[in-house]
Amino acid sequence: MSHAITDYGGVDGSHATEAFQAAIDACADDGGGTVRVPPGEYEVGSVSLSDHLTVSLAPGAVVSASPDEADYQCPPEYVGPDGERPLVLARNCTGVSITGKGTIRGRGTEITDLDEPLRQHSGQSASVPLVSDGEPRARQGEDFLDPTDGTDEWPVAKPPFRPGPMLCFDGCENVALSGVTFSDAPAWTVSLRNCESVTVGGVTVRNHMRIPNCDGLSVDGSRDVRVSDCSIRCCDDAITLKATEAERACESVAVTNCTLASRACAVKLGSETNGPIRDCVISNCVVRGSNRGLGIQHRDGGDIERIRFRDCTVETRLFDGPWWGKAEPIYVTSVPRDEQTDLGRVAGITVSNVDARCESGVLVYGHTDADIEDVRLEAVHLDVREASEADAVGGNVDLQPTSVEPPIREHDVPAVHCENVDGLVLRDVTVEWADDVPAYHTHGVAGVGLDDVIIDGFDGAPAHSESGDAAVSLRDSSTVTVRDSRARAGTGVFLEAVETSDERLFSGNDLAEAERKIAGGTAFTEFGNVDPQ
């Protein structure tokens, strides 16, 4: 059976919450059916879905969120940290679909004061916005995030009330979203919590790029989720996979053929990692104009394992303001959230066939308490460009959210920086530097505290030929092989090795463009190299 909301008093331009819910309830009485939303604009508050239900939005149908908090009634466990309440809630439902060519509009730009900059992140006590509990030690010193320098590019303040998520599915099975456009969300757009067997296809998200927490798609503690052919543009993470509850794994998630843009991270695993995140593949995606590209933000006791990012094109840039991220095209970090965290492990991460144009470098970083194993970067091309906001926010490592070490601290930026990793393979990594990159850019590859390292087919040079930086710098690392790599013009020392041990092979390297082969006392087995001329 099908029921149109117009059959229950819904009129174009009207407040239609009761009509919408009445059509849903009629389908429930029938044992399932379709709620039809004809062309027109309908304002609604919160509604709840039922089993075996399809909501079909006709082309030209616009469902707009009511700005009145009184129109949102939901159980207290669905009230967000800043008072958010879901617009559409499906709780423990089976066989729920939202389809069609219509639009669900959040009215975020009407609900939010776009002239007021964000002052503090949810639940944080730090005096600097969006820097999690702990003061920054940024390169810019006291000038870092000084609002007197201007806040035009900052995220805006959160209003006392805002609807969100636009859609919340909790404990549901056999969920489908297809064709629908979501626009102007004032908070999260689509949330999948503890769901199983979900298909999201051909969905469009167009949110304001300064309204915080308007993530495009959040997959939390869910399994068997397939996301394809979506176009998502939003201020916060475009697609995020997480495990908020320790007993609920986020697993068997495939994301493919999506175009993404974000002021946070285009595709992020974390930071809620109390439970496991495993067996996920992100492929054939295009990331444009984002603050961070492909990310793993591990901060809690769950394990992250067997994750694949492949066949992606990435473009990242630095943004002025208190954003999480510093233009890293690839970001894998494992850091305790706080002093009480018993950190899980990160293992089996592969990033392959990624072409990145970026204003910062790759970061693979483990805290001294972290366990990061088996990380592979294969066929990764990095084109590092000048950043217009380098003076304002560049030259820092960003480890938010954490309170066990400075969440933002001054740090040189190699094209690839890896720290405290056991089992690292860099294969066919190519680095190109623009002529005018900032002075804080250094090595092509830098490694600290690594064990079992293979650098195979690296092609690049340091950022600045006159700096004395090596193309590849390894410190406090062991079991090292460097082979079949090439030094580009401008290379002084190709390999700097300081306090390394158990050096294995240094072979097949083309070092004709370098001035020196190796700096440091090493015992590599060398053969087949083209030595400096």
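Residues numbered from 1 in each chain as written. Predicted model: local features only at pLDDT ≥ 70, side-chain atom pairs only at ≥ 80, totals over all residues. Heavy atoms only, no water.

Draft legend 1. Representation of the pairing of strand β14 (residues 196-201). Relative to β14, strand β11 (residues 173-178) runs parallel, the two sharing five bridges. Within β14, the residue paired with Ser178 across the bridge is Gly201. Alignment of β14 against strand β17 (residues 223-228), held across five bridges, turns out to be parallel. Following the sheet pairing, Gly201 is matched in β17 by Ser228. (Pairing = 2+ DSSP bridges. Helix = DSSP H or I, 4+ residues; strand = E, 2+ residues; numbered from the N terminus.)

Draft legend 2. Main features of the side chain of Asn396. Following the sequence through the fold, Asn396 ends up in strand β31 (residues 396-398). Taking the relative accessible area as the measure of exposure, Asn396 reaches 6% and is therefore buried. The residues contacting Asn396, other than those within four sequence positions of it, are Ala138, Arg139, Gln140, Phe144, Lys326, Ile408, Arg409, Glu410 and His411. (Buried < 20%, exposed > 50% of the residue type's maximum accessible area, 1.4 Å probe, protein only. Contact = heavy atoms within 4.5 Å.)

Draft legend 3. The layout of surface pockets, seen in detail. Its boundaries defined by the atoms lining it, the second largest pocket holds a volume of some 190 Å³. Taken together, 13 residues line the second largest pocket, and the ones lying closest to its centre are His417, His443, Ala446, Val448 and Arg475. Elements with a contribution of two residues or more to the lining of the second largest pocket: β33 (416-419), β35 (445-448) and β38 (472-475). Residue contributions to the lining of the second largest pocket peak at three residues, all from β35. A per-class count over the lining of the second largest pocket returns three nonpolar, six polar and four charged. (1 Å grid on protein atoms, 1.4 Å probe; cavity = no way out; pocket = protein on both sides within 12 Å on 5 of 7 lines; lining within 4 Å. Points joined across faces, edges and corners; volume = space filled by probe spheres on them. Nonpolar A, V, L, I, M, F, W, Y, C, P; charged D, E, K, R; others polar.)

Draft legend 4. Layout of the pairing of strand β25 (residues 294-298). Across the five residues of β25, five count as buried, placing the element largely inside the fold. In the sheet, strand β22 (residues 267-273) pairs with β25 via five bridges, with the strands oriented parallel. When the sheet's bridge partners are listed, Lys268 is paired in β25 with Gly295. Taken together, the five bridges between β25 and strand β27 (residues 330-334) define a ladder with parallel strand orientation. Across the sheet, the residue bridging to Gln297 is Thr333, located in β27.

Draft legend 5. Region of interest: the pattern of salt bridges. One pass over the full model with this rule turns up 39 salt bridges. Here Arg226 makes a salt bridge to Asp224, at a shortest N to O gap of 3.3 Å. Owing to a relative accessible area of 35%, Arg226 belongs among the partly exposed residues under this scheme. Using a relative accessible area of 33% as the deciding quantity, one classes Asp224 as partly exposed. (Salt bridge = Lys/Arg side-chain N within 4 Å of Asp/Glu carboxyl O.)

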